[in-house]
Amino acid sequence: MSRKFLLTLSCALLFTVLTAQNYVTLYEDCNYRGRSYFLEAGTYRGYQMKISNDRLSSMQVPAGMKVTIYEHDNYSGRSKTFLSNTYCLDESWNDMASSIVVEGTQQYQNPNDYIVFYNDCYSKGYSRSLGPGTYSGNDLGILKNNISSFMIYGNLRLRVYTQNDNTSGYYADFEQTQNCLTSSFNDKIKSLVIESRGGGGYGNGGYNNNYGGNNSVTVYTECNYRGNSLKLKPGYYEGDKLGLLKYDISSIEIPSNLVAKVYVNNDYLSGSYYTLSDNTNCMSSTLNNRIGSLIIEEKGYNNNNNNYPPDANQRVILYVDEDYKGQSVSLLPGTYSNMAQIGFPDNAMSSLTVPEGYRVVIYDNENFTGKSYTITASKNRFYLSGWSDKTSSIAVYRDR
């Protein structure tokens, strides 16, 4: 096969993926392979859903959209909802979908809304934070049949399933923190769904969803507003949400009612950022092809902390250099047995920010072994404690 043909094919595939950001993409094989089809928001009976009956195996679901698949035609039988990419449907759903509903969520997820799950009562033991979404038994990992308590932060509802790994069958809803689950649920939750309870505003002085005028920023891969493009509504976009445009943005169109905060060489909305409020037909060398994540927000939205993104007051941020510089990663409450788990170098942390009410315990060996050091406030360096470049595992707790 010639190089020219391969290049042409690659460009065609790139264009196809990038122009499908407002669509759901269905695939006949796992790992996003085989024949694929795009579906925009709508309802699709068996004869309408393009992909053959009982052939769906994987799907790509962009941020802001959700897909509900049904076992039978005309939206009947079992159903399951997806809010994110699924590389391979589990055995109970692979090649089983006969009708589909595609919807825009019409909501902006607040990065401060999440639930922390613990494998012991009273917020003790192994912990993990999960945001809105659907979590099968495989997704829960060691939390499957191993949840004893949880803390709900934000306007969320938790739906738990004790009889099935795939969010089907009997369920119960929780809207409040549980210090110790009853015997009906303790160590019996096999799968779960976390969803917003709605109710208007964005919480904590955030967005109210009443956007006037043009409510999308458009980013382009080439200067002068050319090349592949992606429209972004107000919200938070880490690198994975930008897809192939991550580190490939050269121009941007910004309506008068919005601003964009762009983070250079960082996928996780942390570290240095630049605020853009006007159209830019060609990025400077500082920004061109260097934007790894960004925030779109209304003009006039007041973030009281000018040094960090709006959600930074709810996350611990680690840095490889002193004075909150260099490579960084933001962490929700949870226990992280090694640094690779969070995409951060081993034995490299030199400073960190700790929000009020949080507690961080760092260990000099993996799996929470060896010497430990407890931190309750931000540290721009570790001169006195001698802990610079010595962290190999970490636990983050929210005490209030």
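The rules we used
- Residues numbered from 1 in each chain as written.
- Predicted model: local features only at pLDDT ≥ 70, side-chain atom pairs only at ≥ 80, totals over all residues.
- Heavy atoms only, no water.
- Helix = DSSP H or I, 4+ residues; strand = E, 2+ residues; numbered from the N terminus.
- Buried < 20%, exposed > 50% of the residue type's maximum accessible area, 1.4 Å probe, protein only.
- Areas by Shrake-Rupley, 256 points an atom, 1.4 Å probe, with all protein chains shown as cover.
- Polar contact = N/O pair within 3.5 Å; in protein donor to acceptor, adjacent residues only side chain to side chain.
- Contact = heavy atoms within 4.5 Å.
- Phe/Tyr/Trp six-rings, centres within 6.5 Å; stacked < 30°, edge-to-face > 60°.
- Pairing = 2+ DSSP bridges.
- Salt bridge = Lys/Arg side-chain N within 4 Å of Asp/Glu carboxyl O.

Q: I would appreciate a short explanation of the overall build of the protein chain in the present structure.
A: The helix and strand inventory of the protein chain stands at three helices and 28 strands. Across the 400 residues that make up the protein chain, the buried fraction comes to 46%. Summed over its atoms, the accessible surface of the protein chain is roughly 19200 Å², and 43% of this surface lies on carbon and sulfur atoms.

Q: Teacher, can you tell me more about the side chain of Thr335 here?
A: Relative to the helices and strands, Thr335 resides in strand β24 (residues 334-336). According to the relative accessible area criterion, Thr335 is buried, its value standing at 6%. A polar atom in the side chain of Thr335 sits 3.1 Å from the backbone nitrogen of Ser127. Ignoring any residue separated from it by four or fewer positions in sequence, one finds Thr335 in contact with Gly125, Tyr126, Ser127, Gln341, Phe368, Ile394, Ala395 and Tyr397.

Q: For this particular structure, what's the right way to read the packing of aromatic side chains?
A: Pairs of aromatic rings are described using the distance from one ring centre to the other and the angle between the two planes. In the structure shown here, the tally under the stated rule is ten aromatic pairs. Ring geometry for Tyr114 and Tyr153: centres 5.3 Å apart, planes at 40 degrees, overall tilted. Of the two residues, Tyr114 is situated in strand β8 (residues 114-120) and Tyr153 in strand β11 (residues 149-153); the sequence distance between them amounts to 39 residues. When the centroid spacing of 5.8 Å and the interplanar angle of 65 degrees are considered together, the rings of Tyr220 and Tyr225 count as edge-to-face. The buried category is assigned to Tyr220, whose relative accessible area is 11%. Classification of Tyr225 by relative accessible area gives partly exposed; the value is 27%. These aromatic residues form a ring-pair network of at least three members: Phe117, Phe150, Phe174 and Phe185.

Q: Mind showing me how you'd approach the pairing of strand β2 (residues 33-39) here?
A: The side chains of a regular strand alternate, residue by residue, between the two faces of the sheet. When strand β1 (residues 24-29) meets β2, the two strands line up antiparallel, connected through five bridges. By the bridge assignment for β2, Leu26 is matched with Tyr37. The loop that links β1 with its antiparallel partner β2 comprises three residues; one of these, Asn31, has a positive phi angle of about 60 degrees.

Q: Looking at this model, I keep getting lost on the pattern of salt bridges. Mind explaining?
A: Close approach of charged atoms allows side chains of opposite charge to pair. Per the counting criterion, the structure on display carries twelve salt bridges. Across the pair Arg78 and Glu71 runs a salt bridge whose closest N-O atoms are separated by 3.4 Å. A residue is classified by how much of its surface remains accessible, and Glu71, at 19% relative accessible area, is buried. Asp267 is the salt-bridge partner of Lys246, the closest N and O atoms lying 3.0 Å from each other. One end of the pair, Lys246, is in the loop between α3 (239-242) and β18 (251-253); the other, Asp267, is in the loop between β19 (258-264) and β20 (273-276), with 21 residues separating them in the sequence. Linked through salt bridges whose partners overlap, the residues forming this network are Arg157, Glu175 and Glu195.

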